[in-house]
Amino acid sequence: MTTDTQSIAALVSEAHSLFAATPGGANASYIPYLASVPSTLAGLAVVTADGQVFEAGDSKYAFAIESISKVFSLALAMEDIGPDALRQKVGADPTGMPFNSVMALELHDDKPLSPLVNAGAMSTVSLVKASTAEERWARILGMQRDLAGRQIELSDEVNQSEQTTNFHNRAIAWLLYSAGTMYSDAMQACDVYTRQCSTLITALDLATMGATLASGGINPITKKRVLTAANIPHILAEMTMEGLYDSSGDWAYTVGLPGKSGVGGGILAVMPGQLAIAGFSPPLDPVGNSVRGQRMVAHVAKALGLNLYRVPGA
Ligand code: GLU
């Protein structure tokens, strides 16, 4: 890996200037707020496991975290109940279906399989130790804040936009409840899940959150230990399986880094032990991944020779 500071800085700028205006894709339209975010925004950030920061473009624009929040609630639930119980109760396999699929539940005896699709994510939220909705929410928000090293906040506007349109997720929550794979009140888990999707983060925050995974659980900026190192390989494996919706396999094949994207236009990739790369741009491809975000992140990863599956001579 080319680790020197100047090379990473140059690559981040290069990736941004090459792909920040790539045409194609469209903002998510099923959540009203997301449809209104300017489509021209594009930001990129890299944070290394030893705390170096590189940024380009709209890296400080705050966007809705959406599905990427699933990774961080998974991390919290795993702290609470451990990786074995999490795998047994939620699962660790791709569903082979879209992120909000009901059919996936029908096909797998109501076991959600992945904590990174909506069903598994709500089930995971229900496994976080809490006795009230507010306690559950405070712990999840606290986890996002510790990982980013910043006072991330809920957007009331995004939350309102989602809480008033999330009927499909409510239906999934009740299905899980009826099958015994929801471990708290169903509507509480759906409500808190919706809130966790409605916080605003920047590409810089996201790269810091990823760098905390890359570093073994210590936030490289604040130096606070946030996660148990032994849990992180399980979290990264889940990201590989299902992090980029229906193109997770293509992402593993072409980029080879655990990743997670969200319909707010954010995308994260993590190279264990080294760094995290985060991109943001609202237009999504048909499966829900940021068109420009994927290009920018993949460019930096490839140019730095970062690929989990890389072997000598390749
Ligand atoms: N809040 C969104 C939902 O549950 C998140 C979707 C996503 O980013 O994949 O539908």
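Heads up: the structure comes first, above all this text.
None of these values were measured; they are calculated from a predicted model. (Residues numbered from 1 in each chain as written. Predicted model: local features only at pLDDT ≥ 70, side-chain atom pairs only at ≥ 80, totals over all residues. Heavy atoms only, no water.)

1. Structural notes on the packing of helix α8 (residues 167-179) against helix α9 (residues 186-196)
In helix packing, the relevant descriptors are the interaxial angle and the interaxial distance, both defined with respect to the helix axes.
Part 1: Running from N to C, α8 and α9 cross one another at 140°; their axes reach a closest spacing of 9 Å. Put simply, α8 runs oblique to α9. In this structure, the crossing between α8 and α9 has a hand that is right-handed. Seen from α8, the contacting residues are N169, R170, A173, W174 and Y177; seen from α9, they are A186, M187, C190 and Y193. (Axes fitted to C-alpha atoms, helices over the stretch in contact; angles between N-to-C directions. Helix = DSSP H or I, 4+ residues; strand = E, 2+ residues; numbered from the N terminus. Parallel < 35°, antiparallel > 145°, perpendicular 65-115°, else oblique. Left-handed = near helix turned anticlockwise from the far one by under 90°. Contact = heavy atoms within 4.5 Å.)

2. Here's the deal with the site of the ligand
Part 1: The environment of the ligand is formed by 13 residues, the closest being Y30, E66, E162, Y193 and Y245.
Part 2: A distance of 2.8 Å is found between a nitrogen atom of the ligand and a side-chain nitrogen or oxygen belonging to E66.
Part 3: For the ligand, a nitrogen atom lies 2.8 Å from a polar atom in the side chain of E162.
Part 4: Summarising the interface, the protein chains cover 97% of the accessible area of the ligand, which totals 290 Å² for the free molecule.
Part 5: Assessed atom by atom at 2 Å from the grid points, the ligand resides in the largest pocket.
Part 6: When grouped by side-chain class, the residues that make up the shell around the ligand number seven nonpolar, four polar and two charged. (Near = heavy atom within 4 Å. Polar contact = N/O pair within 3.5 Å; in protein donor to acceptor, adjacent residues only side chain to side chain. Areas by Shrake-Rupley, 256 points an atom, 1.4 Å probe, with all protein chains shown as cover. 1 Å grid on protein atoms, 1.4 Å probe; cavity = no way out; pocket = protein on both sides within 12 Å on 5 of 7 lines; lining within 4 Å. Sits in = over half its atoms within 2 Å of the grid points. Nonpolar A, V, L, I, M, F, W, Y, C, P; charged D, E, K, R; others polar.)

3. What to know about helix α13 (residues 291-303)
Part 1: The terminal C-alpha atoms of α13 lie 19 Å apart, and with 13 residues this matches the ideal 18 Å at 1.5 Å per residue to within 8%.
Part 2: Taken as a whole, α13 has its buried residues at V291, R292, G293, Q294, M296, V297, V300 and A301.
Part 3: Check the buried side of α13 and you find it contacts α1 (5-19), β1 (43-48), α12 (248-254), β7 (266-271) and β8 (275-280).
Part 4: The residue sitting at the N-terminus of α13 and contributing the capping side-chain oxygen is S290; that oxygen lies 2.9 Å from the backbone nitrogen of G293. (Expected span 1.5 Å × (residues − 1). Buried < 20%, exposed > 50% of the residue type's maximum accessible area, 1.4 Å probe, protein only.)

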